[in-house]
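# Chain and residue survey
Okay, here's what each chain looks like letter by letter:
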Amino acid sequence: MARKLLLASAGAGKSRRIAEKALEHAAAGRKVLLLTYTINNQGELVKEICRLNSCQPENVVVKGWFNFLLEDMIRPYQQCIVPDRISGVLLNPGNPHLVPGKNYAMKGRSERLDGKFNPLHFVTPGDNRAHTYYLAKLAARVHSETKGRAAHRLAEIYSAIFVDEVQDLVGWDYDIIKALTETNILEIECVGDFRQAVYQTSETNKLPQDSTEKLAQFNNMGFISESLAISWRCLQAICGIADRLHSQEGHYLPTMSNVEDVPLQYAGHQGVFAVPKARLREYIETYRPAILRWNRSTQKELCDGQTAYNFGECKGLGFERVLILPPAKHAKFLSGDMQAFDGSETDDSRNKLYVAITRARYSVAFPYEGGNIIEGAQAWPLENLDS
């Protein structure tokens, strides 16, 4: 039974790879389950399947992570913990039991009362919706209470399971992946890039949280790791600067660009550019880049009327040209300070810059206010930066 973790660089074509493998199973008469967290990515997987096959075969199932947990892991056996049928989910990334404005929980919401499971730890009073914050935990508890029946039932339905954008999973989600590995499902492949972790299924503190912890978990579960360090989207100069953001972790091979031909209209301006702040508007009018920013209040006067996205919103998208409006740490990195993110509590800011840089096919630009610029970038226009 194959258990594989595929670390794929941005633009490596992982959605196509998953779609191709799913269709191979489908053609052989086997049923396949494709899982991912976001609605956008579910749409991307369906689109790729239909692009390759003209339609989605009925034995290729695409589901969101929360739907999978509720419909496949919890509901068939939920009565061991929650007696009444769970009506749906309530989206709450943070702990729903904390007293507003306090750091302690309200009474009657602990996981167990008098030694028995307390349904109100997992579902809302009244309408019986499951808190998404505890959804994976509830699935793990159901799996444990039924002595593994929740996951083993899936092995009777599916021959292969693919988990896309696995970097979005944290904490209890890994208990579910482990449960799947203990079945006789022929193939389980988890695909993603921890450098692109800008979303997560919950704000839990349960491990694993960061790249190192997640890779260790996969290793402990017996997954064989493989790298797909190529990009069909970004030019080599863009890949090189993006790679440096996480190079100190030692987990990733250098990304090699497979982009060989640049359309004529983009060939005259390709690579990474530092643009004097006073000339940003001129740069935008000349090259019409997509502007990527921290949030909607970032330089509104510059972004109004332009194609602009927040860093989190741009994940999954690609643009010919990108202009990044960097917050302080991003600006330090783009000035050549490789320790700009050291001491940060999370990788969120570093990951958002990685995602922003790797949205670009032919050029990335950022504002320049004097001093150094990161190696590999060049000045725009081609003159002395300090002039």
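Residues numbered from 1 in each chain as written. Predicted model: local features only at pLDDT ≥ 70, side-chain atom pairs only at ≥ 80, totals over all residues. Heavy atoms only, no water.

## Observations concerning the packing of helix α3 (residues 65–74) against helix α6 (residues 173–181)
Definition in use: An axis is simply a line fitted to the C-alpha atoms; with a helix, the fit covers only the stretch in contact. Between two such axes, the angle follows the N-to-C directions and lies from 0 to 180 degrees. Secondary structure elements are defined from DSSP: runs of H or I of at least 4 residues count as helices, runs of E of at least 2 residues count as strands, and each element is numbered from the N terminus. For this classification, under 35 degrees means roughly parallel, over 145 means roughly antiparallel, 65 to 115 means roughly perpendicular, and everything else is oblique. For a crossing to be left-handed, the near helix must be turned anticlockwise from the far one by less than a right angle; the clockwise case is right-handed. Residue contacts are defined here by distance: any two heavy atoms, one from each residue, within 4.5 Å place the two residues in contact.
Contact geometry of α3 with α6 gives a least axis separation of 13 Å together with a crossing angle of 55 degrees. The angle between the axes of α3 and α6 places the two elements in the oblique class. As for the relative orientation of α3 and α6, their crossing is left-handed in sense. Residues Trp65, Phe68, Leu69 and Met73 of α3 touch α6, and the partners they reach there are Asp173, Ile176, Ile177 and Leu180.

## Points about the pairing of strand β2 (residues 32–36)
Put simply, the rule is: Exposure is judged per residue with a 1.4 Å probe applied to protein chains only, and the accessible area is read against the type maximum: over 50% gives exposed, under 20% gives buried, and values in between give partly exposed. Every crossover in which the path from the first strand over the helix to the second runs clockwise, viewed with the strands pointing away from the viewer, is termed right-handed. DSSP-based pairing: two strands are paired if at least 2 bridges between them are found.
Counting buried positions along β2 gives five out of five residues, so the element sits mostly inside the fold. On β2, burial covers both faces: Val32, Leu34 and Thr36 on one face and Leu33 and Leu35 on the other are all buried. Of the crossover connections in this fold, the one passing from β2 over helix α2 (residues 39–53) to the parallel strand β3 (residues 60–64) is right-handed. Across four bridges, β2 lies against strand β8 (residues 160–163) in parallel orientation.

## Describing the environment of Gly13
Looking at where Gly13 falls in the secondary structure, it is placed in the loop between β1 (2–8) and α1 (14–27). Judged by relative accessible area, which is 35%, Gly13 ranks as partly exposed. Taking the C-alpha atoms as reference points, Gly13 and Ile230, separated by 217 residues in sequence, lie 8.6 Å from one another.

## Looking at the pattern of salt bridges
Here is the rule: By salt bridge we mean one thing: a side-chain nitrogen of Lys or Arg within 4 Å of a carboxyl oxygen of Asp or Glu.
Counting across every chain of the model gives 28 salt bridges. The residue Glu20 makes a salt bridge to Arg16 at a minimum N-O spacing of 3.0 Å. Residue Glu20 and its partner Arg16 are located together in helix α1, separated by four residues, close to a single helical turn. The exposure class assigned to Glu20 is partly exposed, which follows from its relative accessible area of 32%. By relative accessible area, Arg16 is classed as partly exposed at 37%. Two residues, Lys63 and Asp72, come together in a salt bridge whose shortest N-O distance is 2.6 Å. Assessed through its relative accessible area of 16%, Lys63 is described here as buried.

## Focus: the sheet that holds strand β13 (residues 271–276)
If you trace the six strands from one edge of the open sheet to the other, you get β15-β14-β16-β17-β13-β18, paired in parallel fashion. The open sheet is flanked by β15 (308–310) and β18 (378–379), the only strands paired with a single partner. Of the pairings in the sheet, the one linking strand β16 (residues 319–324) to strand β17 (residues 360–368) comprises four bridges and is parallel in character. Considered in β17, the bridge of Phe319 is made with Ala360. Each of β14 (290–293), β16 and β17 is contacted by helix α13 (residues 348–357), which is oriented at about 140 degrees to β16, the strand it contacts most.

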